[in-house]
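# Inside the fold
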Amino acid sequence: MGSVKLSEKWKIWHDYHWVTQRFVVLRPGITYQTSKNYNISAGYAHLLIATPVSSSLRRKENRLWWQVVKTYPLNQRFSYN
């Protein structure tokens, strides 16, 4: 999970998870950073999920997603989101 900076305000977001026999999440997107320490991200998510009756990844989901994250600077090296 992370991001790649394109410019001062724009980033490419990537979020990938794989838990064996439970789920796979692929969640790319784009992030805009406002001047007040807010990051606004949106993108597309593809999920493969195991069902309660099986450990195989049978259920597929495709959806749009978005999130807003506020950053609180703690010092020059660390921040809290």
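What you are looking at is a predicted structure, and each value in this text was computed from that prediction instead of being measured.

What follows deals with the pairing of strand β6 (residues 38–50). With four bridges joining them, strand β4 (residues 23–26) and β6 adopt antiparallel strand pairing. Looking across to β6, one finds that V25 is bridged to L47. Note: strand β5 (residues 29–33) against β6, five bridges, orientation antiparallel. Of the residues in β6, the one forming a bridge with I30 is A42. The turn joining β5 and β6, which pair antiparallel and follow one another in sequence, is formed by four residues; a positive phi near 65 degrees is taken by N37. With 13 bridges connecting them, β6 and strand β7 (residues 57–70) associate as antiparallel partners. Residue pairing across strands places G43 opposite W65, the latter belonging to β7. Linkage of β6 to β7, two consecutive antiparallel strands, is achieved through a turn of six residues.

Looking now at the environment of L74. Structurally, L74 is set in the loop between β8 (72–73) and β9 (79–80). It is 39 Å that separates the C-alpha atoms of L74 and Q21, two residues lying 53 residues apart in sequence. The residues contacting L74, other than those within four sequence positions of it, are S79 and Y80.

Applying the stated criterion across every chain, the model contains four salt bridges. Where E61 meets R59, a salt bridge forms, and the shortest distance between an N and an O atom there is 2.4 Å. In this structure, the salt-bridge partner of R63 is E61, at a minimum N-O distance of 2.2 Å. For R63, a relative accessible area of 40% gives the class partly exposed.

Attention now goes to the confidence of the model for the chain. For the chain, per-residue confidence averages 89 on the pLDDT scale, and 100% of positions sit at 70 or higher. In the model of the chain, β9 stands out as the element of lowest mean pLDDT, 87, in contrast to β5, which has the highest, 96.

What counts and what doesn't
- Residues numbered from 1 in each chain as written.
- Predicted model: local features only at pLDDT ≥ 70, side-chain atom pairs only at ≥ 80, totals over all residues.
- Heavy atoms only, no water.
- Pairing = 2+ DSSP bridges.
- Helix = DSSP H or I, 4+ residues; strand = E, 2+ residues; numbered from the N terminus.
- Contact = heavy atoms within 4.5 Å.
- Salt bridge = Lys/Arg side-chain N within 4 Å of Asp/Glu carboxyl O.
- Buried < 20%, exposed > 50% of the residue type's maximum accessible area, 1.4 Å probe, protein only.
- pLDDT = per-residue confidence, 0-100.

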